[in-house]
Amino acid sequence: MSVAKKDYKRVTVKSLVEMKQNNEKISMLTAYDYTMAKIVDGAGVDVILVGDSASNVMAGHETTLPITLDQMIYHASSVVRAIDRALVVVDLPFGSYQSDPKEALRSAIRIMKESGGHAVKMEGGKEVKESIKRILNAGIPVMGHLGLTPQSIYKFGTYTVRAKEEQEAQQLKEDAIMLEKAGCFGIVLEKIPAKLAEEVAKSVSIPVIGIGAGGDVDGQVLVLHDMIGMTHEFNPRFLRRYMNLYEEMTTAIGQYVDDVKTQDFPSDKEQY
Ligand code: KIV
């Protein structure tokens, strides 16, 4: 059952800010294809993130680094065709925005033009400030992403909690304020202490969406395949699994194999 306080027919970047002002928590989930996006949108999720986590869950890569701009556009355009209500945010993939602001703008324009997505998300703080400004100047809404930023995994060396030390926490707080000042409509905070996330959420007027960042932020995001239990080897503390689809699908598919082998399927009723 939905507990939404206001019935947004179509979620926009403006509605998200309004939700924060009204203390209504924002729900966000990833999707990468038409069929899943149809279900996620129909279930009332406010924001669908076409995350570069597609690199892991769709393509089987170990990190998010290999996915290309063309591949992100393919996933995003499939999602956009499915949605009636949610805001669709598309990740700018690694290598499509880090080298200079002009390249960042070109990549963002390609996403908007070729996929029909509504906004882009990019990882980083002050180091991507000029790129964010350039994209925003072109009228493209930008969401920031701080904390554990998986595109920098080789710099971090591990996927453990970020910003536990004072210096990194301080930088993150400054980056969040910079992102708001630059004009971002929201910020994802990934895997940081809950207290720090709460402080950040209170220090900015734009929505802060957490993943592994505790409950005192403005909304939550999870990777769809993790929360429905299609993946089963990834078990971080922050993940709540709402289903165990890995087991259910394995059982169902095993049953199908048996039915084919034993000629139980198709039955007389299942043929012409
Ligand atoms: O790519 C992704 O799925 C993300 C979320 C983990 C926030 O960036």
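For the structure, check the block above.
Just so we're clear, the structure is a prediction, and the values are computed from it rather than from any experiment.

Asks: Just give me the short version of the nonpolar core, but keep the residues and values in it.
Replies: Judged by nonpolar contacts, the single largest core of 81 residues is most densely connected at Ile-132, Ile-135 and Leu-189. When residues no more than four places from it in sequence are discounted, the contact partners of Ile-135 are Leu-92, Ala-104, Leu-105, Ala-108, Val-120, Met-122, Ile-140 and Val-142.

Asks: Residue-level account of the site of the ligand, with values.
Replies: Close to the ligand lie Thr-30, Leu-49, Gly-51, Asp-52, Ser-53, Asp-91, Lys-121, His-145, Val-188, Glu-190, Ile-211 and Val-223. Between the ligand and Asp-52 there is a distance of 3.0 Å, counted from an oxygen atom to a side-chain nitrogen or oxygen. At 3.1 Å from an oxygen atom of the ligand is found a side-chain nitrogen or oxygen belonging to Asp-91. Summarising the interface, the protein chains cover 95% of the accessible area of the ligand, which totals 260 Å² for the free molecule. Split into classes, the residues belonging to the shell around the ligand amount to 4 nonpolar, 4 polar and 4 charged.

Asks: An account of the side chain of Asp-218 is needed here, citing residue identities and associated values.
Replies: Tracing the chain through its elements places Asp-218 in the loop between β7 (208-211) and β8 (219-222). For Asp-218, the residues in contact, after removing those within four places along its chain, are Lys-20, Glu-24, Lys-25, Ile-26, Ala-201, Ile-206, Pro-207 and Val-208.

Asks: Which residues make up helix α6 (residues 129-137), and what values go with them?
Replies: Taken as a whole, α6 has its buried residues at Ser-131, Ile-132, Ile-135 and Leu-136. Seen from one end, α6 has its buried residues packed into an arc of 130°, which puts them on one side. Gly-139 lies just past α6 and shows a positive phi near 90°.

Asks: Go over the pairing of strand β5 (residues 142-147) with me, naming the residues and quoting the values.
Replies: In terms of burial, β5 is largely enclosed, as 6 of its 6 residues are buried. Of the two faces of β5, the one lined by Val-142, Gly-144 and Leu-146 and the one lined by Met-143, His-145 and Gly-147 are each fully buried. Examined bridge by bridge, strand β4 (residues 119-123) and β5 share 4 bridges and lie parallel to one another. Across the sheet, the residue bridging to Met-122 is Gly-144, located in β5. This β-α-β element, β4 to α6 to β5, shows right-handed connectivity. The pairing of β5 with strand β6 (residues 186-190) spans 5 bridges and is parallel. Among the inter-strand pairings, Gly-144 is bridged to a residue of β6, identified as Ile-187.

Asks: Go over unusual backbone geometry, please, and point to the residues and values.
Replies: In this structure, the amide linkage connecting Phe-265 to the following residue, Pro-266, adopts the cis form with an omega of -5°. Residue placement: Pro-266 occurs in the segment after α11 (245-261). With a phi close to 60°, Asn-23 is a non-glycine residue in the positive phi region. Locating Asn-23 in the fold gives a position in the loop between α1 (13-21) and β1 (26-30). Residue classification places Asn-23 among the exposed positions, given a relative accessible area of 63%. Positive phi is not limited to glycine here, since Ala-163 has a value of about 60°. Within the element layout of this structure, Ala-163 appears in the loop between α7 (153-156) and α8 (166-182).

Cut-off values and rules
Residues numbered from 1 in each chain as written. Predicted model: local features only at pLDDT ≥ 70, side-chain atom pairs only at ≥ 80, totals over all residues. Heavy atoms only, no water. Core = buried A, V, L, I, M, F, W, Y, C linked by side-chain atoms within 4.5 Å. Buried < 20%, exposed > 50% of the residue type's maximum accessible area, 1.4 Å probe, protein only. Contact = heavy atoms within 4.5 Å. Near = heavy atom within 4 Å. Polar contact = N/O pair within 3.5 Å; in protein donor to acceptor, adjacent residues only side chain to side chain. Areas by Shrake-Rupley, 256 points an atom, 1.4 Å probe, with all protein chains shown as cover. Nonpolar A, V, L, I, M, F, W, Y, C, P; charged D, E, K, R; others polar. Helix = DSSP H or I, 4+ residues; strand = E, 2+ residues; numbered from the N terminus. Arc of directions from axis to C-beta. Pairing = 2+ DSSP bridges. Right-handed = clockwise from strand over helix to strand, strands pointing away.

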